[in-house]
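Below, each chain spelled out in residue letters.
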Amino acid sequence: MTTSTIRRLAAGAAAALLAGCAALNTVTSDVTTFSEWPAGRAPGSYTFERLPSQRANADRQAALEGAAAIALEKAGFKPATDAAQADVVVQVGARVSRTEVSPWDDPLWWRWGGGYWRAPGWRYPRSAFYGGLHADWHTRYERNVALLLRDRSTNTPLFEAHAQTEGGTIGDKALLGAMFEAALQGFPARELPSPRRVNVQLTP
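Residues numbered from 1 in each chain as written. Predicted model: local features only at pLDDT ≥ 70, side-chain atom pairs only at ≥ 80, totals over all residues. Heavy atoms only, no water.

### As for the pattern of salt bridges
Logical step 1: This model, assessed by the stated rule, comprises six salt bridges.
Logical step 2: Ionic pairing is found between Arg41 and Asp151, a salt bridge with its closest N-O pair at 2.9 Å. Taken together, the positions of Arg41 in the loop between strand 1 (26-35) and strand 2 (45-48) and Asp151 in strand 7 (residues 138-151) put the pair 110 residues apart, joining distant regions of the chain.
Logical step 3: Close ionic contact of Glu65 with Arg50 constitutes a salt bridge, the shortest N to O distance being 2.9 Å. Placement of the pair is Glu65 in helix 3 (residues 58-74) and Arg50 in the loop between strand 2 and helix 2 (52-55), with a sequence separation of 15 residues.
Logical step 4: Taking relative accessible area as the criterion, Glu65 reaches 9% and is therefore assigned buried.
Logical step 5: The exposure class of Arg50 is partly exposed, given its relative accessible area of 24%. (Salt bridge = Lys/Arg side-chain N within 4 Å of Asp/Glu carboxyl O. Helix = DSSP H or I, 4+ residues; strand = E, 2+ residues; numbered from the N terminus. Buried < 20%, exposed > 50% of the residue type's maximum accessible area, 1.4 Å probe, protein only.)

Shown next as structure tokens:
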């Protein structure tokens with residue numbers, strides 16, 4: 001093997017490794033937006049508003065607002081020095097649903113390897129016989145975040161966004177922050193398709 005061939009193989013391996021790392025650090029969200037943001041109006045100052053139920057869990061809500069604040073600033077907004085003079089009022093929320101998934105839940109779309117038997121309406125993997133009949137249960141999490149921006153002076157809703165992801169972990173502040181960033185990507189998103197899929201790189 002020549003030196004140039006080794007170099008090409010090493011460069012290809014490095015590129016593949018970098019691509020793999022990028023994929024692991026990418027959050028893909030399904031985003032839906034509803035925009036009535038006035039044409040020509042620039043993002044301005046904002047303040048957060050909490051529902052009574054959110055005020056009852058102040059620490060959790062503060063963490064959620066901290067994650068959303070980074071995304072709002074990337075979209076061009078800045079926190080108001082005086083909440084009473086903010087241009088917009090922002091409400092944020094999040095929900096994580098946990099589901100125990102069994103291989104029997106969706107037999108038409110079974111993805112196990114090792115071969116399968118197929119009959120009308122169901123599939124059965126040969127691997128299920130090894131060590132006795134078993135079902136490989138696993139946990140899935142569906143994560144949702146939402147933002148609502150209202151004009152402070154008129155209380156008119158101007159922009160609503162939802163982002164949804166799912167995966168095998170519950171997620172953390174960084175992941176929720178990436179979802180808020182996806183929800184605000186392209187703000188005010190008047191011309192963007194909805195729903196749409198948005199990729200955001202996690203900040204190390």
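### Some thoughts on the packing of helix 3 against helix 4 (residues 173-184)
Logical step 1: At their nearest, the axes of helix 3 and helix 4 sit 8 Å apart, and the two run at 40° to each other. In this view, helix 3 runs oblique relative to helix 4, as classed from their interaxial angle. You can see that helix 3 and helix 4 cross each other, and the crossing is right-handed. Only Lys173, Leu176, Gly177, Phe180, Glu181 and Leu184 of helix 4 make contact with helix 3, whose side of the interface consists of Ala63, Leu64, Gly66, Ala67, Ala68, Ala71, Leu72 and Lys74.
Logical step 2: Split by residue class, the contact of helix 3 with helix 4 holds nine nonpolar, two polar and three charged. (Axes fitted to C-alpha atoms, helices over the stretch in contact; angles between N-to-C directions. Parallel < 35°, antiparallel > 145°, perpendicular 65-115°, else oblique. Left-handed = near helix turned anticlockwise from the far one by under 90°. Contact = heavy atoms within 4.5 Å. Nonpolar A, V, L, I, M, F, W, Y, C, P; charged D, E, K, R; others polar.)

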